[in-house]
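# Examination of the molecular architecture
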Amino acid sequence: MATVKKQPARKKIRNAVMAPRKPARPKLPPKNAEAGGRASADERKLRPTAAIVPPQSVAGRALTLVVAIMSFLACLTVGAVSIVWDAADAWQNDLVREVTVQIRPADGVDMLREIDKAVALTQEFAGVGSVRALSDEETKALLQPWLGEGLVLDSLPVPRLIEITVDDPAALDLNQLRQALESQVAGASLDDHSVWTSRLSAMAGAVVIAGFGILALVMASMVLSVVFATQAAMAGNKDVVSVLHFVGAEDSFIAREFQRHFLLLGLKGGVTGGAVASLCFVMLDLFTRETAGQASSDQLSALFGSVSVSLPGYLGVFGIVFLVAVLTALTSGLAVKAHLAKAD
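Residues numbered from 1 in each chain as written. Predicted model: local features only at pLDDT ≥ 70, side-chain atom pairs only at ≥ 80, totals over all residues. Heavy atoms only, no water.

Along its length, the protein chain carries 11 helices and four strands. Relative to its full complement of 344 residues, the protein chain shows a buried share of 31%. Put simply, of all contacts in the protein chain between residues at least 6 apart along the chain, 85% involve residues at least 24 apart. (Helix = DSSP H or I, 4+ residues; strand = E, 2+ residues; numbered from the N terminus. Buried < 20%, exposed > 50% of the residue type's maximum accessible area, 1.4 Å probe, protein only. Contact = heavy atoms within 4.5 Å.)

This is the structure in structure tokens:
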């Protein structure tokens, strides 16, 4: 029985390699290949790169709402401080420009003659605008809330008041006027409202300090919210950040990507909060104008004058929006760098 010799494997491979092949048919370039190549190259150039941080993530929308609320509260604080500061400044100017002379009744002293003497003496001083003694009816109107109607001033030891309007507070020497009145007019005393002025200054300073304290707390809360949101974004994009960091991307590059994202986010939230706060200021101004003559509106006008935010208040709103955007970007960048430093 004939035996069939098996061909070695090396010989099979050699025969397969040495076997003649059919010449390959050259491939012709397709039509408009150059135009297509240029189009694809241009398309690759114009194709935007994907952002590391998803711009429309749920955490981003939630943080935008938080930043908008914080910005709104900060702008309200600035507006309230502006209103109180303007009111306190107006009160101080009114008190500085008004001085009161009080003449107390005494036995054997003609009250009307002493009043005329005090009026004539006061008009001689520089810086004094007008001097007017309050009439009996005006004095009764001042005492009516405490003593009731039907007062007889001659039967009561009621002091008489003289109202002095000051045109130039710097030119009027109050100490000299006080000494002249006390020496030449019996029972006369000068009240320059210095006690009220000092109290108003202290109140305005306390309100400003409290406003800055509230503003600092609001900003601190916003910074903490941004830190937590940055950490959440880092955790959500951990694989992408790790790959970038592994292939040699610098920490500053990764931090800039997060800063760009959170800068836009903070700017959007800040503008929203500032716009809503400005709208509230305008509505408050319109409300006080529409309700003029009512008891509540008159009380507000008596305390704060025209309840409206002045130009420095609106400039403060723009400053808050800018501060919110900058703080958001800086906080996110620092948080990213700290996280990458721990990862290293």
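So much for the structure itself; the text now carries on.
The contact between helix 4 (residues 111-123) and helix 6 (residues 174-184) brings their axes to 11 Å, and the two run at 150°. The orientation of helix 4 with respect to helix 6, classified from their angle, is roughly antiparallel. When the axes of helix 4 and helix 6 are compared, the crossing they make is right-handed. Together, Glu 114, Lys 117, Ala 118, Leu 121 and Thr 122 of helix 4 and Leu 177, Ala 180, Leu 181 and Gln 184 of helix 6 make up the contact between the two elements. Broken down by class, the residue content of the contact of helix 4 with helix 6 amounts to five nonpolar, two polar and two charged. (Axes fitted to C-alpha atoms, helices over the stretch in contact; angles between N-to-C directions. Parallel < 35°, antiparallel > 145°, perpendicular 65-115°, else oblique. Left-handed = near helix turned anticlockwise from the far one by under 90°. Nonpolar A, V, L, I, M, F, W, Y, C, P; charged D, E, K, R; others polar.)

Next up on the list: helix 6. Buried within helix 6 we find Leu 177, Ala 180 and Leu 181. Down the axis, helix 6 shows its buried residues gathered within 95° of arc, on one side only. The exposed residues of helix 6 that point more than 90 degrees off its buried face are Asn 175, Gln 179 and Ser 183. The elements touched by buried residues of helix 6 are strand 1 (98-103), helix 4 and strand 4 (188-191). The backbone nitrogen of Asn 175 has a side-chain oxygen 3.4 Å away, supplied by the residue at the start of helix 6, namely Asp 173. (Arc of directions from axis to C-beta. Polar contact = N/O pair within 3.5 Å; in protein donor to acceptor, adjacent residues only side chain to side chain.)

Let us look at the nonpolar core. General note: in soluble globular proteins, nonpolar side chains tend to be found buried as a group. Counting 30 residues, the largest nonpolar core has Leu 63, Met 219, Ile 254, Phe 258, Phe 262, Ile 320 and Val 336 as the members making the most contacts within it. Within the residue set of this core, elements represented by two or more residues are helix 3 (58-96), helix 7 (194-236), helix 9 (251-290) and helix 11 (311-343). At eight residues, helix 7 tops the list of elements feeding residues into this core. (Core = buried A, V, L, I, M, F, W, Y, C linked by side-chain atoms within 4.5 Å.)

Within the element layout of this structure, Val 81 appears in helix 3. Under the relative-accessibility criterion, Val 81 is labelled buried at 18%. Along the chain, Val 81 and Val 208 lie 127 residues apart, while their C-alpha atoms are 6.0 Å from each other. Those residues in contact with Val 81, other than ones at most four positions away along the chain, are Val 207, Val 208 and Gly 211.

The next subject is the side chain of Thr 122. Of note, Thr 122 is situated in helix 4. Not counting chain neighbours up to four residues away, the residues in contact with Thr 122 comprise Val 128, Val 131, Ile 164, Leu 177 and Leu 181.

Read across the open sheet, the four strands follow the order 2-3-1-4; overall the sheet is antiparallel. The open sheet is flanked by strand 2 (128-133) and strand 4, the only strands paired with a single partner. Within the sheet, the average angular offset between the axes of one strand and its neighbour, ignoring direction, is 20°. Sheet strands touched by helix 6: strand 1 and strand 4. Its angle to strand 4, the strand with the most contacts, is close to 160°. (Pairing = 2+ DSSP bridges.)

So, about the environment of Glu 98. Position of Glu 98 relative to the elements: it lies in strand 1. With 93 residues separating them in the primary sequence, Glu 98 and Asp 191 have C-alpha atoms 9.4 Å apart. Excluding its chain neighbours within four sequence positions, the residues that come into contact with Glu 98 are Ile 164 and His 193.

This part takes up the environment of Pro 157. By secondary structure assignment, the location of Pro 157 is in the loop between helix 5 (136-147) and strand 3 (160-166). A sequence separation of 52 residues divides Pro 157 from Pro 105, and the C-alpha atoms of the two residues are 6.1 Å apart.

Turning our eyes to something else, we now look at the pattern of salt bridges. Where side chains of opposite charge bring their charged atoms close, a pairing between them can arise. Tallied over the full model, the rule gives five salt bridges. Connected via shared salt-bridge partners are Arg 113, Glu 114 and Lys 117. (Salt bridge = Lys/Arg side-chain N within 4 Å of Asp/Glu carboxyl O.)

Considering the arrangement of structural elements, one finds Ser 82 in helix 3. Assessed through its relative accessible area of 9%, Ser 82 is described here as buried. Side chain to side chain, Ser 82 and Ser 310 meet in a polar contact 3.4 Å long.

This part is about the confidence of the model for the protein chain. Counting all residues, the mean pLDDT for the protein chain is 76, and 75% of those residues have values of 70 or more. Across the protein chain, element-level confidence peaks in helix 6 with a mean pLDDT of 88 and bottoms out in helix 1 (residues 9-18) with 44. Low pLDDT, under 50, characterises residues 9-19; the stretch is placed with two contacts to residues that sit more than four places away or in other chains. (pLDDT = per-residue confidence, 0-100.)

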